[in-house]
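# Coordinate inspection notes
Each chain is listed here by its residues.
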Amino acid sequence: MTITNEEYWKIGRAAAGAVCVVAARDASDGTLVALTVSSFVTLSFEPPLVMFAIQHNASSYSAMVESKAFGVSLLNATQSDVAQQFASKGRQKTHGATFDFGHLLSVPLVPEALAQMECATNQVFRSGDHAIVVGLVEAARTAVGQPLLYFSRQFGTFTPL
Ligand SMILES: Cc1cc2nc3c(=O)[nH]c(=O)nc-3n(C[C@H](O)[C@H](O)[C@H](O)COP(=O)(O)O)c2cc1C
């Protein structure tokens, strides 16, 4: 049995997720690439691995899957404008954007994010129309704050029951 596209999209809308920006330097020309993702997952404790999925038709796809290192910034509840900015398509979105650069791997990171991770690319799995990118977290910092979440096509934050 195969579900319809509409049924599949409904599942996607029902799954709330934390919002991150993943970013890297394109090894071919040194430019910065960045995109908003909600597919970030902490994958393994020992070693400390994280992962995200990137769609094949993203303009940053080749740069991201071929990059030796990438930054992950877990956005806070005040950063929905940052999420919107990096959810647009194309390289121009990083022009003039303000980034911190990791001290260890020099990867681009969003200032004031809830967490910033410097990751060395560990494995890339092609799966359906996405690739799963796994990174080894080599350095990280966290801040206190509320998370930015995405649910039913809207940004929001967390309310305890
Ligand atoms: C909240 C949110 C979550 C997203 N999650 C993902 C994701 O996990 N993987 C992905 O490939 N695109 C995701 N996107 C879409 C990309 O951000 C969007 O396609 C972007 O334009 C890709 O940039 P690029 O084409 O410049 O690479 C998400 C968008 C939003 C708004």
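Bear in mind the structure is a predicted one, so any value in this text is a computation, not a measurement. (Residues numbered from 1 in each chain as written. Predicted model: local features only at pLDDT ≥ 70, side-chain atom pairs only at ≥ 80, totals over all residues.)

What the protein chain contains, in helices and strands, is three helices and twelve strands. Scaling as 2.2 N^0.38, a compact globule of 161 residues should have a C-alpha radius of gyration of about 15 Å, and the protein chain matches this with 15 Å. Projected onto its principal axes, the C-alpha positions of the protein chain cover 45 × 35 × 35 Å. When each of the 161 residues of the protein chain is scored for burial, the buried share is 30%. At a minimum sequence separation of 6, the contacts of the protein chain that also span at least 24 residues come to 65%. (Helix = DSSP H or I, 4+ residues; strand = E, 2+ residues; numbered from the N terminus. Rg over C-alpha atoms; globule rule 2.2 N^0.38 Å. Buried ≥ 20, exposed ≤ 12 C-beta atoms within 10 Å, placed from the backbone. Contact = placed C-beta atoms within 7 Å.)

Membership of the largest hydrophobic core comes to 35 residues, with the highest contact counts inside it found for Cys-20, Val-21, Val-22, Ala-23, Val-72 and Leu-75. Those elements giving two or more residues to this core turn out to be β2 (20–25), β3 (32–37), β5 (49–55), α2 (61–66), β6 (69–74), α3 (80–86) and β9 (115–127). Excluding its chain neighbours within four sequence positions, the residues that come into contact with Ala-23 are Leu-32, Val-33, Ala-34, Phe-70, Gly-71, Phe-99, Val-107 and Pro-108. (Core = buried A, V, L, I, M, F, W, Y, C linked by C-beta atoms within 7 Å.)

Bridge count for β6 against β9 is six bridges, and the pairing is antiparallel. Each residue of the ladder has a partner; that of Val-72, found in β9, is Met-117. Of the strand pairs in this sheet, β9 and strand β10 (residues 130–142) are connected by twelve bridges, and their pairing is antiparallel. Bridged to Ser-127 within β10 is His-130. Linking β9 back to β10 in an antiparallel pair, the connection comprises two residues, with Gly-128 at a positive phi of about 60 degrees. (Pairing = 2+ DSSP bridges.)

Across a sheet, strands are paired by hydrogen bonds formed along the backbone, either parallel or antiparallel in direction. Taken in spatial order, the three strands of this open sheet run β1-β11-β12, and their pairing is antiparallel. The open sheet is flanked by β1 (17–18) and β12 (154–156), the only strands paired with a single partner. In this sheet, strand β11 (residues 149–151) lies alongside β1 in antiparallel orientation, the contact comprising two bridges. Bridging across to β11, Gly-17 finds its partner in Tyr-150.

Val-37, Ser-39, Ala-58, Ser-59 and Ser-60 are the nearest of the 19 residues found near the ligand. Those elements giving two or more residues to the shell around the ligand turn out to be β3 and β5. When residues of the shell around the ligand are assigned to their parent elements, the largest contribution, four residues, is made by β5. Residues belonging to the shell around the ligand are distributed by class as follows: ten nonpolar, eight polar and one charged. (Near = placed C-beta within 6 Å. Nonpolar A, V, L, I, M, F, W, Y, C, P; charged D, E, K, R; others polar.)

Before going further, it helps to spend a moment on unusual backbone geometry. A cis geometry characterises the amide bond from Glu-46 onward to Pro-47, with omega recorded as 5 degrees. Inspection of the secondary structure puts Pro-47 in the loop between β4 (41–44) and β5. Positive phi is not limited to glycine here, since Ser-106 has a value of about 60 degrees. Following the sequence through the fold, Ser-106 ends up in the loop between β7 (100–101) and β8 (108–109). The exposed category is assigned to Ser-106, around which 12 C-beta atoms lie within 10 Å.

This part is about the sheet that holds β3. Here we have seven strands laid out as an open sheet, ordered β3-β2-β6-β9-β10-β5-β4, and antiparallel in their pairing. In the strand order of this sheet, the two ends are held by β3 and β4, each with one partner. Across the sheet, the mean angle separating the axes of adjacent strands is 35 degrees when strand polarity is ignored. With six bridges joining them, β2 and β3 adopt antiparallel strand pairing. (Axes fitted to C-alpha atoms, helices over the stretch in contact; angles between N-to-C directions.)

Interpretation in functional terms is not warranted from these geometric data alone.
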